[in-house]
Each structure stands twice: as C-alpha cells, then as structure tokens.
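As a plain string of letters, each chain reads:
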Amino acid sequence: MFRSSKTYWALALFASVVLAACTAPPAARPQASASAFVISAIPDQDPERLNRLYGKLSDYLKAQLGVEVIYKPVTDYGAVVNAFRTGDVDMAWFGGLTGVQARLQVEGAQAIIQRDIDENFHSVFIANTASGIQPFEDISGLTALKGRTFTFGSESSTSGRLMPQFFMSQAGVALSDLKGEPGFSGSHDKTIKLVEAGAYEAGALNEQVWKARVAAGEVDTSKVIVIWRTPAYYDYHWIVRPDVEQKFGAGFIEQVKKAFLSLDAANPAHKEILDLFGAQKFIETKNENYANIETIARQIGKIK
Amino acid sequence: MSSSLGTPLVTLQATLPWRSVLNGARLVAFAALLAFVWSAVQVGLFRGDLVNAGGWALVQQFFAAALRPELSTDFLLLTLEATLVTFAYAIGGLALSLVIGSLGGLLSSEVWWQARRPKARLLSSPWLIARGALVVPRAIHEAIWGLFLVRILGLDPLVAILALGIPFGAITAKVFSEILDETPRDALRALLNSGVPPARAMLYGLLPRALPNLISYSFYRLECAIRSATVLGVIGAGGLGYQILLSLQSLRYQEMWTLMAALLVLSGLTDWLSARIRQALGAPTRLELNAGADCASEAAARARATSGSRTLLGLLAAALVLTPLAFWYVQPDPSRLFAPHTTMLLGDMLRQMFPPDLSPANALTLLNLAAQTLAMSVFAIALAGLFGILLAYPAARPARHTRRAMFTYGIARAFLLFCRAIPAPVWALLILFIIFPGPLPGALAIGVHNLGILGRLIAEAVENADKRPVRALQHAGVPSAQAFLYGGLPMTLPQSLAYIFYRWENCMRETVIIGFVGAGGLGRLLTEQLSSFDYSGVTATLIMLLILTFAVDVLSNTARRAIR
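About the criteria used
- Residues numbered from 1 in each chain as written.
- Chains lettered and ligands numbered in written order.
- Predicted model: local features only at pLDDT ≥ 70, side-chain atom pairs only at ≥ 80, totals over all residues.
- Heavy atoms only, no water.
- Helix = DSSP H or I, 4+ residues; strand = E, 2+ residues; numbered from the N terminus.
- Buried < 20%, exposed > 50% of the residue type's maximum accessible area, 1.4 Å probe, protein only.
- Contact = heavy atoms within 4.5 Å.
- Areas by Shrake-Rupley, 256 points an atom, 1.4 Å probe, with all protein chains shown as cover.
- Buried area = accessible area lost by both parts, 1.4 Å probe.
- Salt bridge = Lys/Arg side-chain N within 4 Å of Asp/Glu carboxyl O.
- Polar contact = N/O pair within 3.5 Å; in protein donor to acceptor, adjacent residues only side chain to side chain.
- Nonpolar A, V, L, I, M, F, W, Y, C, P; charged D, E, K, R; others polar.
- Axes fitted to C-alpha atoms, helices over the stretch in contact; angles between N-to-C directions.
- Parallel < 35°, antiparallel > 145°, perpendicular 65-115°, else oblique.
- Left-handed = near helix turned anticlockwise from the far one by under 90°.
- pLDDT = per-residue confidence, 0-100.
- Phe/Tyr/Trp six-rings, centres within 6.5 Å; stacked < 30°, edge-to-face > 60°.
- Lys NZ or Arg CZ within 6 Å of the ring centre and 35° of its normal.
- Pairing = 2+ DSSP bridges.
- Expected span 1.5 Å × (residues − 1).
- Domains from an automatic or database assignment.

**A short note on the overall build of chain B**
Piece 1. Counting secondary structure elements, chain B contains 26 helices and 0 strands.
Piece 2. Residues classed as buried in chain B amount to 56% of the 564 residues present.
Piece 3. Residue pairs in contact within chain B that sit at least 24 positions apart in sequence constitute 80% of those at least 6 positions apart.

Rendered as structure tokens:
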C-alpha cells in the first residue's frame, strides 16, 4: 500500500517523538522507595475525593513522622488487602471485613486507630421516593424490600454489603426475595446515585458517607430518603504491618498512633483532614473489636 | 447443545465422500440454531424482570454527556498519559509475547524437530512437551493472569506486561508453529540434504519465506494487545481502561467520553495501520494465517516482495525504537521476579490453591454456572455474528465512491470501531444500568464488543471477495438487493461463518472478565471467590473454565472444518 519506506520511517519517527516528547517519566506515578511509608485505603468513595483526602493526610503524616509518606490508590477492596499482604503497603485504611481479611493474611498486623464514629458505626437503607417504600423503626420493616430492586456497594464492603445482608437475613429477607439479582454498585457514592436516579428502588450504604453527601447538598432528598438505620457495629480502622518497626525504628507504631490522636478539631489544618474523614477525632482500637464481624463474615462466606 | 455435534461430524467427514460436506454444513447450521435457542433460554431472555426501567435516566445522561466531553487542560493531560500507558503496556506485552512466541513456535513446530532428527517419530519427541506446555497459558484470559500476578508480584507495571505477554506468547507460539509448518520446504530440504546443520538450514531455507506471514500476524496481535491492555486497565493496571472505570464509577460521563475518544483514536489508528501493513506484506486476512489456508498466491507475494522488504525494514526500525521507549515509560521492576518475597508469596498461594475445592456442593454450582457461561458465549456470538454480517456490507469499502456510499461506509465503520474499542467490561457496566445483573447483560456486552471485531473482519472479507457475480446479476437487470442475496452473500458466507466460529472461542474466554464487573457466569463466581480469598475455590473454578475453553475450541474447529 505504501509506496515508499519513507512513510514508515515517518510513522515510526512520529510515534516515538510523541511518546518521548510529551512526557518525561510521569511524575504522577509515585515510585515506592524502600524508605517511604506507603499508605492506602479501600476505594469506598469517589476516587477523586479519596485522592484529595489522602493527599492531605500524607502531608500531615510526613510532617509528624519525619519520613516520606506515599498514598497508593487502588481500584478494588481486594486489591488493598492484597497490597497489604505483599508488603507494597505498610498501613491501610480498611473496613471491618477487609480488615479481618487482611489480618488473617498478615500475622502480627494490628488494628491501631479508628475514628470516633467507627466504634458505633451504622449503615442506612435508602429508597427512591417513587418506590413508595416508607421509613420504619423495627428491623422487621426490611421485609418491605421483598419484590424490590436493590443494590449493595462493593462485594467486600462492611457497611455497604456485609452488615446490610446480615440484617436482611435477620429480618428473613433472602437475596432471592429481591426483584432481579442484587446489584453491586462498587462504592457508597454510586449506590446513592443509582438509587437517586431510580436505577434501583433501594440500597444500603455507610451512614457517614450518606450524612456527608446530604450535608454538602449533593443528594436530592426529594428523590431518595433513608428508610432504616441499622444497629451499631465496629467498622473502619487503620491496620499497620508488623515489619514497619524494622523499617522505621522501634516505637514507630506508637508515633503513628500519636500523630492520629493529636489531630485536633480546633486546629483549622487538622479540622480539614478530620472533616474529610467525617470525624471529630481519632481514637485507639484493637483487633478484638472485630471478632463479631469475623463471625458474620464466616456465616456469609466472605471468609473461609 | 452442540456437545452431541462433535462425533457425528467427524464420522461424516471420515466416511462420506467430499461432496457430502454440504450435509456437514447443514448439520452445523441446525446445531447452531438449536444452540442459539438454548442459550437464549439459559441467559434468561424469557424470564421476567429483565429490564430495569429505572436506569434509562442514567443512560440518557450518559449519551447527553457525549456532546460535552471534559476538555480541561488537566484532564486532557491525564488522558494523554493514560493513553500512552495503555499503548506502552501493549507494546511491552507484545514484545514479550513475540520472544515467547518465537521460541515456543520453533520448539512446537513439526518442521524443526523433523529437520533435527529426520528419523525420529514425531510423537516421541519433545515436540509434544512443547505443545502441551503452551496449552494452559493460552486458555487463561489475560485478566486472570493479571489478577494472579498482582497477588504475587504486587503493584507493578511488570504485572501488566507479563499478564499480556504470557497468554499472547502462547497463542503466538501456536500460530507461529503453524506458519512454519505450512511454509514450503523445498529450499530447506535442499540445504539439509547438502549437509547444512539444521539450525542454519532453517535460518536460510525456511525463515525468509515465513517471515512476511510471521510479521503480519505479529501486527495483527498489536490490535489485540491494545484491546487487552485496556481491559487490564479496567482490572486496575492503570491506563485508559482504569481511568474509564474510575470515571464511570463516579458517574462522571463527560470525562468518560474524553477517555473513550482517546481510546477510539488509539484503536482506530492501530487497526488502520495494521490492515495496511498486512496488505503490503501480502497476507491480508487473519483467518488465512490462523487456519493455515494457502497464503496469498506465490506470484502476488513475489510481486510485492520489494515493497514488502521495505515494509519489513520500517517495522523493524519502529519496533527497535518503540519497545525500549515503552519499557522506559512504564518502568517495570524485573527484580521483583527473582525476589525471595515473590517466591514466598507464590508458595503461599499455591499451597492455598491445592487441593481444589471439588466438594459436591461446589461441583454442582460449577456445573450450573458452566452451563450459564457457555450460554453467554453462544448468545453473544450469535448476536455478534448476525449483526456483524449485516453491518459488514455497508462497512466494506464501496466500489463506486459516490457521496452516499462513502457516507454509509463512514458511519458503519465508525460504529464498528466504537463497538470494539470500548472494552467488554465497560459495555457491561453501561448495560447494567438498564438490565438486571445476571448472564444476559454479560452476554450482551460481549456480543456488542465482538460485533465490532467481527463486522470489521467480515468487511475485509467482503472487500477481498470476487465482485463479478454481483456485477453480472446487476447488469442482467436484477435488483441490487437480490443481486446481493444471490451473488454477494454466498461468496463471503463461508468465510464469515469461519470467522464467527473463530471468535466464539474468544467470547468464551471473555465471559470471565465480564464476571468481574458483576455480570453473571463463572466469572462472577471467580470475583466473589477472589474477594473472599478462597483460593481452593478459585482453582476449581479455573479448572472448569479450562474445560469449557477446550470444549469450545474443539467444537469450533470441528464446525469450521465442516463448512470449509
């Protein structure tokens, strides 16, 4: 087709120039160096929001701990657990379920810190107003979901899947009672948007995300309402790998704890981080708090 | 369904004279029809509660956003970087696959072993070992390789390159060995007989004649590599697929359109370039390489020899420039391969994977889901085949360049490009807005994606087909619709069907990645098992997938032989 080899040379040259010229090796991709403290988090919200949140947190931790701190974003819950297991990530923000999964795979990993709200965490069931599902007080009201379309968040989400499914089964609602198969939206934000748009009549998500989005005016409450708030359970927490003390010196875990505990809502810079986390302050936590989650996860088959 | 098909066909071909192959074709047609009906029932086409009417609002928003793609400088830069990452993965993976493919292809070719040990019986030679070693890596989808490798190697671009390179390498090895075996051997024999050592005899006697076909095929693989690199992005490797997924998960449709436009340009350019190069090298169609039919006539090939050798030189230069650039751009860390940590994680995982979970309960689930998965692949390919044939005719370059013909041609081509450039998992996520989770949305997604691929392949076949029968009918005053039906369609139908059966194998493999976004079948189970770290369950599911893939391979081969 081409009449001369010149065309090919030109194409090859063009392609290489494009590749070479427009980018020095991309600065956007942080290279994990041996000396950096790498943190990550389950991607339970809008990725863009997470980048902002953990960017700020990384800067704060860097100043507090005196080491390089890198935030590594990932696409799904399982990937965080895995990165934590392989040691690509030193400390991660897990949900109840992923935290248990992670600790089962990394011996000696410790749950250290959580938000004030996490020791009394709730999920909310929401419904599109056009569905006609009315708010209720008692768990038995969940039977109203029978014959309705319903979406969870991520498969591995504690507040968006595990606990809602647990409470549904307590109320005698099996997944097969729903209309069609349940959806797995992937994140709490997407659950709100799907129910608001009417793609699903009802859904379940993390109460803190719901409150934050309502407060920010991002939810059209004439279209989507809360129908039930679950009882409290333990959820999100930071888990740190046992080998960080070899990497950064003895007492490093205590330093990390201190950095979180000294976040003070009275300090405007700190308040920004706390607000992004939806918390007043951080508190200490321990592995034992999650025994209950582990039992439920085994019942539902998310832990073998 | 067609499981009853294999044996009768073989006996038919063996016992009846060649003429009755027509019966074979009829049998295939009948079985295919039955299979389609069965698949439609299986994917739940006739069950209630299919369409989720509530989702139309989101679909409207999605298409409305096409008019206002995100064009801020920051986002355009991000799009450019994502595009380059995807391209670099494709190049890096392809380079690796060519190394594996060349070595594996040589070792698994009959001609190599025959040249080395002319007296030995073929079956007793290491040939069998080489062939066998390539079977499993080929049957496992890139995305599954990716998910496994990431668990062993951690988050590193190396994962994407290996995940592409290994299965692609095994596929390439198979095709390379077929090309080598089908290349005329007179020159090789002459050299061997005059006492030239086998390796050197191959180098001078066989390789030069096989090279254009080897290169054409490699270039065809580049198209596939771009598509697969995008899919790997969707499962988290970065690049365009990753960004599209993020935008879709945040329901930022305007960003999505910008990213999809970049994907269209990248995909479109590669397809175009690849088609041109294959033409210049005189090996125009995919199937001719794959099915090993006689390569374009020797005379034509020789006529193209001059332009061909220039093309080769250009390609070589491009490869030499692009490959190091690609590796430099994504910066994989090969030291991870040999780190003790990696070995430990691999050992850990293997221990958890075996023995596979073959408990009766799990086996039953697997069988049910296997039927569902098979149905998804049949339904998808039926959809893709039907609409692929219909769209291929407007999408074939018209003989007369009237404005209207060119307009239809442009629209049809653009539509096909759009269908195939968007990865199947992304189609699935879009379709999930309006159809409930389950096998149907998955089958539709694979169908739409493969429609784009098949439509283009068949359009190429139409372009290369003999135009005289249609013209003769038209000149005799037959209306053009009928002229097409009696003069055009029969000329291309056998080849189209062969393509369709060939793509069916791909549809089968793709059911897995559809499952990753929640759209039914064994892939859905695999996702749940991976997120529960249930590795013994994962192994069982993989075994089931391998069995299905091989079954479909055999059926597709039998059917292709029957209609040839």
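**Description of the overall build of chain A**
Piece 1. Within chain A, the secondary structure is distributed over 11 helices and 11 strands.
Piece 2. Classification of the 304 residues of chain A by burial places 56% in the buried group.
Piece 3. Taking as baseline every contact in chain A between residues at least 6 positions apart, the subset at least 24 positions apart corresponds to 78%.
Piece 4. Total accessible area on chain A is roughly 12100 Å²; 51% of this is exposed by carbon and sulfur atoms.

**Some points on the interface of chain B and chain A**
Piece 1. Every contact between the two is made by 59 residues of chain B and, on the other side, 60 residues of chain A.
Piece 2. Of the roughly 5100 Å² buried between chain B and chain A on both sides combined, carbon and sulfur atoms contribute 61%.
Piece 3. Across the chain B-chain A interface, the total number found is 5 salt bridges.
Piece 4. One salt bridge in this structure joins Arg524(B) and Glu155(A), with 3.3 Å as the shortest N-O distance.
Piece 5. Linking chain B with chain A are 10 residue pairs in polar contact (both at pLDDT 80 or more), by the criterion used here.
Piece 6. No other element matches the 12 residues that helix H16 (residues 305–330) of chain B contributes to the side of chain B that touches chain A.
Piece 7. In terms of residue class, the side of chain B that touches chain A is made up of 33 nonpolar, 15 polar and 11 charged.

**Details of the packing of helix H11 (residues 207–237) of chain B against helix H12 (residues 240–249) of chain B**
Each pair of packed helices gets described by two things: the angle between the helix axes and the distance between those axes.
Residues and elements named next belong to chain B.
Piece 1. Where H11 meets H12, the closest approach of the two axes is 6 Å, and the angle between their N-to-C directions is 50°. The angle between H11 and H12 places the two elements in the oblique class. For the pair H11 and H12, the sense of crossing is right-handed. Contacts between H11 and H12 involve Thr230, Gly233, Val234 and Gly236 from the first element and Gly241, Tyr242 and Leu245 from the second.
Piece 2. In terms of residue class, the contact of H11 with H12 is built from 3 nonpolar, 4 polar and no charged.

**As for the environment of Phe37(A)**
Residue and element names in this part refer to chain A.
Piece 1. For phenylalanine 37, the position within the fold is in strand E1 (residues 37–41).
Piece 2. Given a relative accessible area of 0%, phenylalanine 37 falls into the buried group.
Piece 3. Sequence-wise, phenylalanine 37 and valine 244 are 207 residues apart; in three dimensions their C-alpha atoms are separated by 8.3 Å.
Piece 4. Leaving out residues up to four positions away in the same chain, phenylalanine 37 has contacts with Leu65, Val67, Glu68, Val69, Ile70, Asp90, Met91, Val244, Phe248, Phe252 and Val256.

**Some points on the confidence of the model for chain A**
Segments scoring low in pLDDT should not have their predicted coordinates read at a detailed level.
Piece 1. Confidence in the prediction for chain A averages 87 pLDDT; 89% of positions are at 70 or higher.
Piece 2. Low pLDDT, under 50, characterises residues 21–32 of chain A; the stretch is placed with 23 contacts to residues that sit more than four places away or in other chains.

**Description of the packing of aromatic side chains**
All names here are of chain A.
Piece 1. In the structure shown here, the tally under the stated rule is 36 aromatic pairs over all chains.
Piece 2. Judged by centre distance (5.4 Å) and plane angle (85°), the rings of phenylalanine 84 and phenylalanine 94 are edge-to-face. Here phenylalanine 94 lies in strand E3 (residues 91–94) and phenylalanine 84 lies in helix H3 (residues 77–86), a separation of 10 residues in the sequence.
Piece 3. Residue class for phenylalanine 84 comes out buried when judged on its relative accessible area of 0%.
Piece 4. For phenylalanine 94, a relative accessible area of 0% puts it in the buried group.
Piece 5. Counting every residue linked through ring pairs, the aromatic cluster contains Tyr54, Tyr71, Trp93, Phe121, Tyr233, Tyr236, Trp238, Phe260, Phe277 and Phe282.
Piece 6. When the ring centre of tyrosine 236 is taken as origin, the NZ or CZ atom of arginine 115, which lies over that ring, is 5.1 Å away.

**Side note on the sheet that holds strand E4 (residues 110–115) of chain A**
Residue and element names in this part refer to chain A.
Piece 1. Pairing within the open sheet is mixed, and its 6 strands lie in the order E2-E1-E3-E10-E4-E11. Single-partner strands in this sheet number two, and they are strand E2 (69–71) and strand E11 (282–284). Ignoring strand direction, the axes of neighbouring strands in this sheet form an average angle of 25°.
Piece 2. Strands in contact with helix H2 (residues 47–65) are E1, E2, E3 and strand E10 (237–240); relative to E2, the strand with the most contacts, it is inclined by about 170°.

**What to know about helix H8 (residues 157–182) of chain B**
Residues and elements named next belong to chain B.
Piece 1. The end-to-end C-alpha distance of H8, which contains 26 residues, comes to 37 Å, matching closely the 38 Å that a straight helix rising 1.5 Å per residue would cover.
Piece 2. Extensive coverage of H8 is indicated by the burial of 23 of its 26 residues.
Piece 3. At the N-terminal boundary of H8, the capping side chain belongs to aspartate 156, with an oxygen 2.9 Å from the backbone nitrogen of leucine 158.

**What about the domain arrangement of chain A?**
Residue and element names in this part refer to chain A.
Piece 1. When the domains of chain A are assigned, the result is domain 1 (37–117 + 234–300) and domain 2 (122–229).
Piece 2. Averaged C-alpha coordinates put domain 1 and domain 2 at centres separated by 26 Å.
Piece 3. With 21 residues of domain 1 at the interface, the matching set in domain 2 holds 19 residues.
Piece 4. A buried area of about 1600 Å², summed over both sides, lies between domain 1 and domain 2, and 55% of it is on carbon and sulfur atoms.

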